[in-house]
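Chain residues, written in single-letter form:
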Amino acid sequence: MSPWGLVAGMAAITFGLRLSIIGLPGRFGLPPLVRRALRFVPPAVFSAIIAPDVLVPDGTLAVSLGNARLAAAVCAALVAWRTRNVLATIATGMATLWLLQALLARGGP
Amino acid sequence: MSPARTELLAGARAVGPLLLGVVPFGLIYGVLARGAGIAATAAQAMSAVVFAGSAQFVAVPLLGGGAPGTIVLLTTLVLNLRHVLYSASMAPHLQPLGPAWKRLLAFLLTDEAYAVTILRYQRDRAEARAATSTHWYALGAGLTLWVVWQASTAAGLYLGAQVPPSWSLEFTLALTFIALVVPMLSDAAGVTAAVTAGAVAVLGLGLPLKLGLVAAALSGIAAGMMAEARVSGRAASRSITP
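Looking at the overall build of chain B
Reasoning step 1: When helices and strands are counted, chain B shows 12 helices and zero strands.
Reasoning step 2: Reading chain B from its N terminus to its C terminus gives the helix and strand order α-α-α-α-α-α-α-α-α-α-α-α.
Reasoning step 3: Counting only C-alpha atoms and orienting by the principal axes, one finds that chain B spans roughly 65 × 55 × 30 Å.
Reasoning step 4: Across the 242 residues in chain B, those meeting the buried criterion constitute 45%.

Given below as structure tokens:
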């Protein structure tokens with residue numbers, strides 16, 4: 001599939017989901033089971049994206065202090081929990097990552 | 001000033017504080033798309049017609065890594081399922097509008113636009129005010145977000161050519177999602193959904209066609225629902241036998 005075909009496909013899917021209930025004639029409520037399931041979509045999806053990026057940085061599982069991404073993610077999560085501020089979370093995570101990468105490059109602390 | 005114009009401007013002003021989160025998000029998207037070798041025109045077109053930050057973010061490494069098109073589309077579908085919830089929540093308020101308005105506002109229904117607009121509709125209802133021109137407010141909020149998203153994408157695509165890979169800027173994606181997911185972990189069911197999805201995503205890394213992401217999301221949703229059912233089941237049995 002060409003990038004243009006993919007852009008068109010992604011646009012059609014996203015628009016379809018956004019219009020799904022708005023576009024229905026009359027009043028329509030989601031079945032309770034579906035409503036309950038949809039609530040878990042964001043935490044499940046976001047966590048599924050984060051975990052491999054953080055825990056498997058170079059193709060192998062790395063749960064150790066030497067994993068700079070894991071340490072940076074933990075610091076960022078603490079900031080997210082305390083401040084709920086997206087920018088502060090990103091800034092903390094990147095600062096931690098750069099600091100640890102510089103330290104590890106020099107032979108480690 | 002006509003009520004329509006007043007509402008349009010009020011909606012635009014209401015999203016002002018949220019732009020602080022949208023602009024860096026758009027910038028980073030542009031930088032990452034450039035880094036993944038995606039054509040600038042395709043990346044900008046994606047911002048213009050898909051207009052869904054998190055789906056675009058996830059599509060970038062998939063597209064850059066040569067994942068099959070069906071996986072990109074399936075991921076978009078799972079990732080944007082939450083918009084059905086927004087759609088259901090907005091539907092009663094948009095019911096009196098014609099089909100063109102419904103389509104336009106649905107196209108602009110991002111997380112941020114939803115958050116701002118639904119608050120306004122709820123305020124209208126609480127103050128028993130007729131929401132006759134509130135759709136202009138929704139349009140003002142949605143259009144402002146769209147224009148700012150295009151501008152920040154363009155700036156990111158321009159800057160992206162100048163950022164060296166050693167900056168590990170692609171990690172901002174994981175950090176952005178950490179910032180979004182942590183506030184959702186306020187109850188045991190949410191934590192269960194997130195932990196299960198994370199574990200399955202790591203275990204499923206070896207799956208072909210990057211299917212691990214989809215499998216992880218579906219397992220997380222199922223685990224969250226089961227945890228919730230157990231908690232409410234306990235609450236129900238407590239209320240029967242006090």
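From this point, the narrative continues.
A short note on the overall build of chain A
Reasoning step 1: Helix and strand counts for chain A stand at five helices and zero strands.
Reasoning step 2: Ordered by position in the sequence, the α and β elements of chain A form the string α-α-α-α-α.
Reasoning step 3: In terms of overall dimensions, chain A is more spread out than a globule: its C-alpha atoms have a radius of gyration of 20 Å, far above the 13 Å expected for 109 residues.
Reasoning step 4: Expressed as lengths along the three principal axes of its C-alpha atoms, the size of chain A is roughly 65 × 40 × 25 Å.
Reasoning step 5: A burial count over chain A gives 40% of its 109 residues as buried.

What about the interface of chain B and chain A?
Reasoning step 1: Chain B puts 71 residues into the contact, and the matching count from chain A is 59 residues.
Reasoning step 2: Residues that form the side of chain B that touches chain A fall into these classes: 53 nonpolar, 14 polar and four charged.

Description of the environment of B:Val163
All names here are of chain B.
Reasoning step 1: The residue valine 163 is located in the loop between α9 (134–160) and α10 (171–181) in this model.
Reasoning step 2: Note: C-alpha distance between valine 163 and leucine 105 (58 residues apart in sequence) is 36 Å.
Reasoning step 3: Sequence-distant contacts of valine 163, defined by excluding residues within four places in its chain, comprise Val31 and Leu169.

So, helix α8 (residues 111–126) of chain B
All names here are of chain B.
Reasoning step 1: In a regular helix each residue adds 1.5 Å, so 16 residues correspond to 22 Å; α8 covers 22 Å between its end C-alpha atoms and thus fits that length.
Reasoning step 2: Those residues of α8 that sit buried are Glu112, Ala113, Tyr114, Val116 and Thr117.
Reasoning step 3: Count one or two residues on from α8 and you reach alanine 128, which has phi positive near 50°.

Description of unusual backbone geometry
Reasoning step 1: The phi dihedral of A:Arg84 is positive, around 55°, even though this residue is not glycine.
Reasoning step 2: Within the element layout of this structure, A:Arg84 appears in the loop between α4 (68–83) and α5 (86–105).
Reasoning step 3: You can call A:Arg84 partly exposed: it has 13 C-beta atoms within 10 Å.
Reasoning step 4: Phi angles above zero are rare outside glycine, and B:Phe51 is one such case at about 55°.

Quick notes on the packing of α5(A) against α10(B)
Reasoning step 1: Two elements in contact, α5(A) and α10(B), have axes whose closest approach is 9 Å; the angle formed by their N-to-C orientations is 140°. Here α5(A) lies oblique to α10(B), going by the angle between them. Judged by the sense of rotation from one axis to the other, the crossing of α5(A) with α10(B) is right-handed. Residues A:Val86, A:Thr89, A:Ile90, A:Gly93, A:Met94 and A:Leu97 of α5(A) form the contact with α10(B), whose own contacting residues are B:Phe171, B:Thr172, B:Leu175, B:Thr176, B:Ile178 and B:Ala179.
Reasoning step 2: Within the contact of α5(A) with α10(B), the residues separate by chemical class into eight nonpolar, four polar and no charged.

Observations regarding the nonpolar core
Reasoning step 1: By size, the foremost hydrophobic cluster in this structure holds 102 residues, and its most contacted members are A:Ala44, A:Ala48, B:Ile178 and B:Ala217.
Reasoning step 2: The leading source of residues in this core is helix α3 (residues 41–55) of chain A, at 10 residues.
Reasoning step 3: Excluding residues within four positions of it along the chain, B:Ala217 makes contact with A:Ala44, A:Val45, A:Ala48, B:Val78 and B:Ala197.

A word on the environment of B:Arg123
Reasoning step 1: Examined against the element boundaries, B:Arg123 turns out to sit in helix α8.
Reasoning step 2: Separated by 82 residues in sequence, B:Arg123 and B:Leu205 place their C-alpha atoms 46 Å apart.

Focus on the packing of helix α1 (residues 3–14) of chain B against α9(B)
The packing of two helices is summarised by the inter-axis angle and the distance between the axes.
Residue and element names in this part refer to chain B.
Reasoning step 1: Where α1 meets α9, the closest approach of the two axes is 6 Å, and the angle between their N-to-C directions is 40°. Considering their axes alone, α1 and α9 lie oblique with respect to each other. The two elements α1 and α9 cross, and the hand of that crossing is right-handed. Contacts between α1 and α9 involve Ala4, Glu7, Leu8, Leu9, Ala10, Gly11, Ala12 and Ala14 from the first element and Thr134, Trp136, Tyr137, Ala138, Leu139, Gly140, Ala141 and Thr144 from the second.
Reasoning step 2: The residue makeup of the contact of α1 with α9, split by class, is 11 nonpolar, four polar and one charged.

Thoughts on helix α11 (residues 188–203) of chain B
Reasoning step 1: In a regular helix each residue adds 1.5 Å, so 16 residues correspond to 22 Å; α11(B) covers 22 Å between its end C-alpha atoms and thus fits that length.
Reasoning step 2: When we look at burial in α11(B), the residues that qualify are B:Ala189, B:Gly190, B:Thr192, B:Ala193, B:Ala194, B:Thr196, B:Ala197, B:Gly198, B:Val200 and B:Ala201.

Considering the confidence of the model for chain B
Reasoning step 1: Confidence in the prediction for chain B averages 88 pLDDT; 96% of positions are at 70 or higher.
Reasoning step 2: Scored as a complex, the prediction yields pTM 0.79 and ipTM 0.85.

Details of the environment of A:Leu33
Reasoning step 1: Structurally, A:Leu33 can be placed in helix α2 (residues 32–39).
Reasoning step 2: With 13 residues separating them in the primary sequence, A:Leu33 and A:Ser20 have C-alpha atoms 17 Å apart.

Rules of the game
Residues numbered from 1 in each chain as written. Chains lettered and ligands numbered in written order. Predicted model: local features only at pLDDT ≥ 70, side-chain atom pairs only at ≥ 80, totals over all residues. Helix = DSSP H or I, 4+ residues; strand = E, 2+ residues; numbered from the N terminus. Buried ≥ 20, exposed ≤ 12 C-beta atoms within 10 Å, placed from the backbone. Rg over C-alpha atoms; globule rule 2.2 N^0.38 Å. Contact = placed C-beta atoms within 7 Å. Nonpolar A, V, L, I, M, F, W, Y, C, P; charged D, E, K, R; others polar. Expected span 1.5 Å × (residues − 1). Axes fitted to C-alpha atoms, helices over the stretch in contact; angles between N-to-C directions. Parallel < 35°, antiparallel > 145°, perpendicular 65-115°, else oblique. Left-handed = near helix turned anticlockwise from the far one by under 90°. Core = buried A, V, L, I, M, F, W, Y, C linked by C-beta atoms within 7 Å. pLDDT = per-residue confidence, 0-100.

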